[in-house]
Amino acid sequence: MRPIAMTSRPRSLDRHAAIRQRVAYGRWQGRGLLACLGMAALLSMAPTASAEPVSAIGRLNFAGFRDRMHCTATLIAPDRVLTAAHCLPQRARPENIHFLPGFAPAGWLEDLTLANWTAAPGKRDVALLCLAGSAQTAPLPRSAAGPVVGEALTVIGYPIPRRYAQSHIDCMVERVDGAGGGFTLSCPLRPGASGAPVLRRTTAGSEIVGVVSATNATRSLAFDVSGERALPPCE
């Protein structure tokens, strides 16, 4: 059998291949740089994580035959928890809802079940959860006064993508609806933050001013739960 003669590749083809390789490498570097810049931008806008979770704030987990979801909730008394009313589907059963105060990657302080719950009347997206027993975790107090326009407040919750750890988001109060109890915050939030407490920091500690209800791309809606507003009773 006659051997196949090996011919050298023309220099013009080698030169063109080298050029194409450099162009492709440059594009790859450009995409990598854009990805890094995009990640840096996301990190700069991301909420800060709490080194030590606030024990009275936790995840409200709901699991049913067709549903699996979570919200944020806050212990305000040994047997009472505040959250958003829309976090509780009408078909939900108390035994399928668990409040885990101080929820963090390392675990949680208690696994608390509900006896029942009551939604606030009207359009206020607030619900009072009545626990089946008393919690050992220290509750957070409600503030005596409602929100004030221009005031700096803090939301602590479990929004995605940090749904397993508390995130702190600082916001400004932009508008207050005195009659309906709603107020607008300057910060957008993510799913999982529904029901999260809006906190006022004082020299004595944090106090609950409101509960997060809804959000869009630029701002969020919360409802006043301070001492100026009546809460539904436990039945």
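Residues numbered from 1 in each chain as written. Predicted model: local features only at pLDDT ≥ 70, side-chain atom pairs only at ≥ 80, totals over all residues. Heavy atoms only, no water.

Participant: How would you summarise the environment of isoleucine 160 if you had to cite specific residues and measurements?
Facilitator: Structurally, isoleucine 160 can be placed in the loop between strand S8 (152-157) and strand S9 (167-176). Sequence spacing of isoleucine 160 and proline 191 is 31 residues, and the spatial spacing of their C-alpha atoms is 6.0 Å. In this structure isoleucine 160 touches Arg190 and Pro191, once residues within four positions along its chain are discounted. (Helix = DSSP H or I, 4+ residues; strand = E, 2+ residues; numbered from the N terminus. Contact = heavy atoms within 4.5 Å.)

Participant: Run through the packing of aromatic side chains, naming residues and quoting values.
Facilitator: Given two aromatic rings, their pairing is described by the distance between the two centres and the angle made by the two planes. Applying the stated rule across the entire model yields two aromatic pairs. When the ring of phenylalanine 103 is compared with that of tryptophan 108, the centres are 5.5 Å apart and the planes differ by 0°; the resulting orientation is stacked. Tryptophan 108 sits in the partly exposed class, given a relative accessible area of 46%. Seen from their ring centres, phenylalanine 103 and tyrosine 158 are 5.9 Å apart, and the 85° between their planes marks the pair as edge-to-face. Of this pair, phenylalanine 103 sits in the loop between strand S5 (97-101) and strand S6 (112-119) while tyrosine 158 sits in the loop between S8 and S9, and the two are 55 residues apart along the sequence. Exposure class is identical for phenylalanine 103 and tyrosine 158. Each is buried. Three or more aromatic residues joined by ring pairs make a cluster, and in this case those are Phe103, Trp108 and Tyr158. Across from the ring centre of phenylalanine 103, 4.8 Å away, lies the NZ or CZ of arginine 59, which sits over that ring. (Phe/Tyr/Trp six-rings, centres within 6.5 Å; stacked < 30°, edge-to-face > 60°. Buried < 20%, exposed > 50% of the residue type's maximum accessible area, 1.4 Å probe, protein only. Lys NZ or Arg CZ within 6 Å of the ring centre and 35° of its normal.)

Participant: Provide a residue-level description of the confidence of the model for the chain, including the pertinent values.
Facilitator: Detailed reading of predicted coordinates is not advised where the pLDDT is low. For the chain, per-residue confidence averages 80 on the pLDDT scale, and residues scoring 70 or more make up 75% of the total. In the predicted structure, residues 1-13 sits below a pLDDT of 50 and forms two contacts with residues beyond four places in sequence or in another chain. Scored below 50 in pLDDT, residues 23-51 makes 11 contacts in the model with residues more than four places away or belonging to other chains. (pLDDT = per-residue confidence, 0-100.)

Participant: An account of the nonpolar core is needed here, citing residue identities and associated values.
Facilitator: Membership of the largest hydrophobic core comes to 36 residues, with the highest contact counts inside it found for Leu60, Leu75, Val81, Leu82, Ile97, Phe99 and Leu131. Elements with a contribution of two residues or more to this core: strand S2 (57-63), strand S3 (68-77), strand S4 (80-83), S5, S6, strand S7 (127-131) and strand S12 (205-215). Core analysis: the next-biggest nonpolar cluster, separate from the first, contains 15 residues, Leu153, Leu185, Ala196 and Ala222 among them. (Core = buried A, V, L, I, M, F, W, Y, C linked by side-chain atoms within 4.5 Å.)

Participant: Now, about the pattern of salt bridges: what can you tell me, with residues and values included?
Facilitator: According to the stated counting rule, one finds five salt bridges in the structure shown. Of the charged contacts in the structure, one is a salt bridge between arginine 200 and glutamate 151, with a shortest N-O distance of 2.5 Å. Within this pair, whereas arginine 200 is found in strand S11 (residues 197-202), its partner glutamate 151 is found in the loop between S7 and S8, the two being separated by 49 residues in sequence. Overall, the relative accessible area of 13% leaves arginine 200 in the buried class. The buried category is assigned to glutamate 151, whose relative accessible area is 16%. (Salt bridge = Lys/Arg side-chain N within 4 Å of Asp/Glu carboxyl O.)

Participant: Just give me the short version of the state of the cysteines, but keep the residues and values in it.
Facilitator: The full count for this structure, using the stated rule, is three disulfides. Paired through a disulfide, cysteine 130 and cysteine 234 show a sulfur-sulfur distance of 2.0 Å. Here the disulfide of cysteine 130 and cysteine 234 is left-handed, its torsion about the S-S bond being about -105°. Of the two residues, cysteine 130 is situated in strand S7 and cysteine 234 in the segment after strand S13 (220-224); the sequence distance between them amounts to 104 residues. What pairs with cysteine 171 in a disulfide is cysteine 187, and their sulfur atoms sit 1.8 Å apart. Its S-S torsion of about 85° marks the bond between cysteine 171 and cysteine 187 as right-handed, since a negative value means left-handed. Of the two residues, cysteine 171 is situated in strand S9 and cysteine 187 in the loop between strand S10 (182-185) and S11; the sequence distance between them amounts to 16 residues. The class for cysteine 171 is buried, based on a relative accessible area of 3%. Within the chain, bonded cysteines paired by disulfides and numbered along the sequence follow the pattern 1-2, 3-6, 4-5. (Disulfide = S-S within 2.5 Å.)

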